[in-house]
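# Geometric and topological summary
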Amino acid sequence: MYKNWTTTSVNNIAPDVQGLVYCTAIAHGNQEEWDYAWIQFSKSNVAAEQTKLMQAMACTNQLWILQLYLDKALNLNGIKQTQADSVISYVGYNPTGNYLAWNFLRKNWSTLYGRYKGSFSAMDRMIRGCTDRFHTQWQYDQVEAFTATIAMEGGEESYWNGAKETIRSNFMWMERNGDNITEWLESVQTRFVPVAMI
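Now for a description of the structure that goes with this document. (Residues numbered from 1 in each chain as written. Predicted model: local features only at pLDDT ≥ 70, side-chain atom pairs only at ≥ 80, totals over all residues. Heavy atoms only, no water.)

### Quick word on the state of the cysteines
Working definition of a disulfide: a covalent bond connecting the sulfur atoms of two cysteines. A complete count under the given rule lists one disulfide for this structure. Each disulfide pairs two cysteine sulfurs, and for Cys-23 the partner residue is Cys-59, the sulfurs being separated by 2.0 Å. In this structure the cystine formed by Cys-23 and Cys-59 twists about its S-S bond by roughly -100°; its chirality is therefore left-handed. Within this pair, whereas Cys-23 is found in helix 2 (residues 18–28), its partner Cys-59 is found in the loop between helix 4 (47–57) and helix 5 (63–75), the two being separated by 36 residues in sequence. Cys-130 carries a free sulfur, and the closest cysteine sulfur to it, the one in Cys-59, is 16 Å from it. (Disulfide = S-S within 2.5 Å. Helix = DSSP H or I, 4+ residues; strand = E, 2+ residues; numbered from the N terminus.)

Next comes the structure, spelled out in structure tokens:
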């Protein structure tokens with residue numbers, strides 16, 4: 001469906017599955033698929049379509065493209081200030097881009113904080129996008145160490161405290177359930193015979 005769109009310039013993808021199709025094509029594609037989404041994003045004047053494309057462009061598994069995307073957000077290169085925080089969050093929610101986004105957030109904190117300190121939703125979105133997947137003590141310690149190095153005014157501490165609480169909850173959940181889930185997945189895996197062997 002996505003390939004057909006790129007070759008005919010006619011988007012026949014049903015609106016209710018566009019986001020899924022875009023994300024899947026970009027995740028399994030290469031620069032060509034990502035570039036096509038970027039062109040469509042740049043041409044679109046429809047906020048809902050832009051959002052689907054922004055989310056989908058963060059689905060790539062190629063780190064260098066994710067870094068390019070983050071840099072575009074930081075430099076507001078083709079991305080509006082009101083969209084850039086979402087780009088950082090979307091990249092953070094991608095398992096491939098999670099640490100890239102986290103390191104990007106830390107490295108560029110001064111700029112991002114200066115840009116978004118008055119917007120609770122933007123700050124919360126960026127921080128949660130980069131940390132919601134964290135689930136180890138080491139990751140918690142990274143967030144703790146980073147927050148000890150930055151100055152916080154007003155309510156900024158609540159963003160970080162919320163992130164740390166989520167990491168702590170994720171960590172405790174993994175401690176309680178991780179081994180059982182691993183055992184179950186291993187038992188299920190052994191019950192299925194690969195199609196090639198039939």
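### Considering the side chain of Gln-83
Position of Gln-83 relative to the elements: it lies in helix 6 (residues 81–93). Gln-83 sits in the buried class, given a relative accessible area of 10%. Ignoring anything within four residues of it in the chain, the contact list for Gln-83 reads Phe-41, Gln-50 and Met-54. (Buried < 20%, exposed > 50% of the residue type's maximum accessible area, 1.4 Å probe, protein only. Contact = heavy atoms within 4.5 Å.)

### What to know about helix 8 (residues 109–116)
Residue pairs spaced three or four apart in an α-helix point in one direction, given the helix's 3.6 residues per turn. Those residues of helix 8 not exposed but buried are Trp-109, Leu-112, Tyr-113 and Tyr-116. Viewed end-on, helix 8 has its buried residues packed into an arc of 100°, placing them on one side of the element. (Arc of directions from axis to C-beta.)

### A short note on the packing of helix 8 against helix 9 (residues 120–131)
Between helix 8 and helix 9, the shortest axis-to-axis distance is 9 Å and the interhelical angle comes to 150°. Between helix 8 and helix 9, the crossing angle belongs to the class labelled roughly antiparallel. Of the two elements, helix 8 crosses helix 9, and the hand of that crossing is right-handed. For the pair helix 8 and helix 9, contact is made by Trp-109, Leu-112, Tyr-113 and Tyr-116 and by Ala-122, Met-123, Met-126 and Ile-127, respectively. Taken together, the residues of the contact of helix 8 with helix 9 break down into eight nonpolar, no polar and no charged. (Axes fitted to C-alpha atoms, helices over the stretch in contact; angles between N-to-C directions. Parallel < 35°, antiparallel > 145°, perpendicular 65-115°, else oblique. Left-handed = near helix turned anticlockwise from the far one by under 90°. Nonpolar A, V, L, I, M, F, W, Y, C, P; charged D, E, K, R; others polar.)

### A short note on a nonpolar patch on the surface
Taken together, Trp-173, Met-174, Ile-181, Trp-184 and Leu-185 make up a surface patch of nonpolar side chains, about 500 Å² in accessible area. Within the element layout of this structure, Ile-181 appears in helix 11 (residues 156–191). On the basis of relative accessibility, which here comes to 35%, the residue Ile-181 falls in the partly exposed class. (Patch = residues over 30% accessible without salt bridge, like charges linked within 9 Å, V, L, I, M, F, W, Y side chains within 5 Å. Areas by Shrake-Rupley, 256 points an atom, 1.4 Å probe, with all protein chains shown as cover. Salt bridge = Lys/Arg side-chain N within 4 Å of Asp/Glu carboxyl O.)

These figures capture arrangement, not role.
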